[in-house]
There are 2 protein chains.
Amino acid sequence: MIQSLDRGLEILFILAEHKSRGVTELAEDLKVNKSTVFRLLDTMKERDLVQQDEVTAKYRLGIGLLHISEGLVKNLDAINISKPTLKQLMDSTKESAHLCTFTNDKVYVVDQVKSNYPMKVSAAIGHEEPIHCSSVGKCILAYLPEEKRNKILDGVRFVAYTEKTKTSKEALVEELKQIRKNGYALDDEELSVGVCCIAAPIYNHKGEVKNCIGISGPSARIHMENIDSYINKLKIAANNISHNMGYRYTK
Amino acid sequence: MIQSLDRGLEILFILAEHKSRGVTELAEDLKVNKSTVFRLLDTMKERDLVQQDEVTAKYRLGIGLLHISEGLVKNLDAINISKPTLKQLMDSTKESAHLCTFTNDKVYVVDQVKSNYPMKVSAAIGHEEPIHCSSVGKCILAYLPEEKRNKILDGVRFVAYTEKTKTSKEALVEELKQIRKNGYALDDEELSVGVCCIAAPIYNHKGEVKNCIGISGPSARIHMENIDSYINKLKIAANNISHNMGYRYTK
DNA sequence: AACAGCGTTGCATAATACGCAATAAAGGAG
DNA sequence: CTCCTTTATTGCGTATTATGCAACGCTGTT
């Protein structure tokens, strides 16, 4: 660990808590000499990570941070982070893998790694998935905050896509409970005859679920007898992505 | 200047530009030994400012940055004070509204309320705007104290972003005079073809202009025939924010 | 199987960050 | 107005510490 860098970073964290703090105060916080703190602040000031109040001469966080964290947000997007894992998931399951996102109260497919099988499921990037009968829709819905979930539930139109589509709100509410308990959501020919999908939630650094991943394949290949091995691989992949998004289970 | 801290910070800035970068690459960027970069990354990893991709072993920015920059945003008075008005401005004009700040002789975008139109202007938070041909740059420049203004003017590089960009110092000086007279600054496709922006100054309690707000939209929607209504709404919003910042016109 | 590239680690040295003490400047108390 | 305290800032010598070198283990490729 590099001491001076670490001390500089600690100053940033301290400044994040206090809207303004002086050299002497910070020196006491870090238990180091004033001059050390001064020089640390000085180099961070050069890069606009901290700025000095013109009146009080104390220091506060600077604009440069916005520049950096904007770069983070741009690159922390779920797509970039999940891409390798998604590919790996397709490799190990041989079925198409998808990443979905919840935006404007709807669930969309935002990325896909297609299966190499001649017969495969291929979703359209940008396609909206029904909330009530797709694995990804139900998965996201299950993990929304209760209030939001109820609001969405009230607006659901229970279109029956197949004979297996469940069209009662009560049944869906019950199933969401199961999903939270099991950690995955299932769509066994509810949306499309002959297609079976499984989805698992992605947690972001705040512990929110705004994304999920899923695998989809012909029910001739994915069926109730062998589904556990798919679920396992899916969950591992989802956990991996959550971790890379900054989610830490123990707080 | 403290070398190791500075190098660590430089890594953060580099990572803000590249979505992921390896130890060796960064060592070449900084022209230092790999081991040095590794140890710098290691100490930043401890604080979640960078994270390592589990698949490629390369590094990218980490969520710790969000924690710090949330602290910044929380404490940046201008952002908090102007947020509601900015939102209102977007509602009434239907175009994206921005807040900018003048720090270290440069103009940065620090907040944004995006338009709901499918076609809209979206600036990057933390992005630096050119002084000589952006509405916000010219606006801030126009209201700087004369001495400061001249100093900045001497350092301007008159890059021509479009065919409409004005590249003479004399023309700019003249325009700044107009801006002060009119109370707003205009960028009609000078920075980006097809984009029209208008900016107005924010006064703080000392009567200084360190911020400005602006609206930006496609020149198909904002053009010279209807611009007066935009200017009106913009000025009202700017005055409102100035007032909330403690500015009292009678001194 | 050999190689090339990567991230990682141990080690010795010299660069460099550190604490001390002095300075300057600003604010408050009498 | 003056003294006194407290602040940020700077020079300097020393010893800590960050650094480059070189070797290691690993992965993937040829």
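Residues numbered from 1 in each chain as written. Chains lettered and ligands numbered in written order. Predicted model: local features only at pLDDT ≥ 70, side-chain atom pairs only at ≥ 80, totals over all residues. Heavy atoms only, no water.

Turning our eyes to something else, we now look at the overall build of chain A. Each helix and strand counted, chain A has nine helices and eight strands in total. What you see for chain A is a C-alpha radius of gyration of 24 Å, clearly larger than the 18 Å of a compact globule of 251 residues, by over 25%. Over its C-alpha atoms, taken along the principal directions, chain A stretches across nearly 75 × 40 × 30 Å. Counting only residues that meet the buried cut, chain A has 52% of its 251 residues in that class. Pairs at least 24 residues apart make up 53% of the contacts formed inside chain A by residues separated by at least 6 positions. When the accessible surface of chain A is totalled, it reaches about 12000 Å², and 50% of it is carbon and sulfur. Taken together, the 35 basic and 33 acidic charged side chains of chain A have centroids lying 2 Å from each other. (Helix = DSSP H or I, 4+ residues; strand = E, 2+ residues; numbered from the N terminus. Rg over C-alpha atoms; globule rule 2.2 N^0.38 Å. Buried < 20%, exposed > 50% of the residue type's maximum accessible area, 1.4 Å probe, protein only. Contact = heavy atoms within 4.5 Å. Areas by Shrake-Rupley, 256 points an atom, 1.4 Å probe, with all protein chains shown as cover. Lys, Arg positive; Asp, Glu negative; His and termini not counted. Charge placed at Lys NZ, Arg CZ, Asp CG, Glu CD.)

All names here are of chain A. Secondary-structure assignment places Val156 in the loop between helix 7 (146-155) and helix 8 (169-182). Exposure remark for Val156: the relative accessible area of 15% places this residue in the buried category. Taking the C-alpha atoms as reference points, Val156 and Ile131, 25 residues apart in sequence, are found 7.4 Å from one another. In contact with Val156, not counting residues within four places along its chain, are Ile131 and His132.

The extent of an interface is frequently quoted as the accessible surface area lost upon association of the parts. The interface of chain A with chain B comprises 53 residues on the first partner and 53 residues on the second. Seen at the junction of chain A and chain B, the total is four salt bridges. Close ionic contact of A:Arg47 with B:Glu10 constitutes a salt bridge, the shortest N to O distance being 3.4 Å. Only helix 1 (3-17), helix 3 (34-46), helix 4 (64-75), helix 5 (78-93) and helix 9 (227-244) of chain A provide two or more residues apiece to the side of chain A that touches chain B. Sorting elements by how many residues they give to the side of chain A that touches chain B places helix 4 of chain A first, with 12 residues. Of the residues belonging to the side of chain A that touches chain B, the class tally is 23 nonpolar, 19 polar and 11 charged. (Salt bridge = Lys/Arg side-chain N within 4 Å of Asp/Glu carboxyl O. Nonpolar A, V, L, I, M, F, W, Y, C, P; charged D, E, K, R; others polar.)

All right, on to the protein's contact with DNA strand D then. In the region of DNA strand D, 22 residues are neighbours, and A:Val23, A:Thr24, A:Phe38, A:Tyr59 and B:Thr36 sit closest. Here a phosphate oxygen of DNA strand D and a side-chain polar atom of B:Arg7 are 2.9 Å apart. A distance of 3.1 Å is found between a phosphate oxygen of DNA strand D and a backbone nitrogen or oxygen belonging to B:Asn33. At the level of elements, helix 1, helix 2 (23-30) and helix 3 of chain A together with helix 1 (3-17) and helix 3 (34-46) of chain B are the ones that each hand at least two residues to the surface near DNA strand D. The residue inventory of the surface near DNA strand D, partitioned by class, reads seven nonpolar, 11 polar and four charged. (Near = heavy atom within 4 Å. Polar contact = N/O pair within 3.5 Å; in protein donor to acceptor, adjacent residues only side chain to side chain.)

This part takes up the side chain of A:Arg149. Residues and elements named next belong to chain A. Tracing the backbone through its elements, the reader meets Arg149 in helix 7. Despite its burial, Arg149 pairs with no opposite charge; the closest candidate is Glu146, at 5.0 Å N-O. Looking at Arg149, its side chain comes within polar contact range of the main-chain oxygen of Ala142, at 3.2 Å. The contacts of Arg149, once residues within four sequence positions are left out, are Leu141, Ala142, Leu144, Leu176 and Arg180.

All names here are of chain B. Burial along strand 6 (residues 185-188) is one-sided: Ala185 and Asp187 are buried, while Leu186 and Asp188, pointing the other way, are not. Direction of pairing for strand 6 relative to strand 7 (residues 195-203): antiparallel, over a ladder of four bridges. Bridge pairing in strand 7 places Leu186 opposite Ile198. What sits between the antiparallel neighbours strand 6 and strand 7 is a turn of six residues, in which Glu189 has the positive phi angle 60°. (Pairing = 2+ DSSP bridges.)

If you check the shell around DNA strand C, you find 22 residues, and the closest are A:Thr36, B:Val23, B:Thr24, B:Phe38 and B:Tyr59. Counting only atoms of DNA strand C within 4 Å of the protein, the fraction found in sugar and phosphate groups is 69%. Residue A:Ser35 places a side-chain N or O atom 3.0 Å away from a base nitrogen belonging to DNA strand C. Between a phosphate oxygen of DNA strand C and a side-chain N or O atom of B:Gln52, the distance comes to 3.0 Å. Elements with a minimum of two residues in the surface near DNA strand C: helix 1 and helix 3 of chain A together with helix 1, helix 2 (23-30) and helix 3 of chain B.

Residue and element names in this part refer to chain A. By the definition in use, this model includes three aromatic pairs over all chains. Judged by centre distance (6.0 Å) and plane angle (80°), the rings of Tyr143 and Tyr203 are edge-to-face. Pair noted here: Tyr143 is in helix 6 (residues 135-143) and Tyr203 is in strand 7 (residues 195-203), with a separation of 60 residues, a long-range link. Overall, the relative accessible area of 17% leaves Tyr143 in the buried class. Aromatic ring contacts, followed pair by pair, group Tyr143, Tyr203 and Tyr247 into a single cluster. Across from the ring centre of Tyr117, 3.7 Å away, lies the NZ or CZ of Arg221, which sits over that ring. (Phe/Tyr/Trp six-rings, centres within 6.5 Å; stacked < 30°, edge-to-face > 60°. Lys NZ or Arg CZ within 6 Å of the ring centre and 35° of its normal.)

Here helix 4 (residues 64-75) of chain B is 12 residues long and its end C-alpha atoms lie 17 Å apart, about the 16 Å a rise of 1.5 Å per residue gives. Looking at helix 4 of chain B, one finds that the buried residues are B:Gly64, B:Leu65, B:Leu66, B:Ile68, B:Ser69, B:Gly71, B:Leu72 and B:Asn75. (Expected span 1.5 Å × (residues − 1).)

What follows concerns the sheet that holds strand 7 of chain A. One key point about sheets: their strands pair by backbone hydrogen bonds, in either a parallel or an antiparallel sense. All names here are of chain A. Spatially, six strands are ordered 5-4-3-8-7-6 in an open sheet, and the strand pairing comes out antiparallel. Of all strands in the sheet, those with a lone pairing partner are strand 5 (128-129) and strand 6 (185-188), marking the two edges. Together, strand 3 (96-103), strand 4 (106-113) and strand 8 (209-218) form the strand contacts of helix 5, whose direction differs from that of strand 3 by roughly 150°. (Axes fitted to C-alpha atoms, helices over the stretch in contact; angles between N-to-C directions.)

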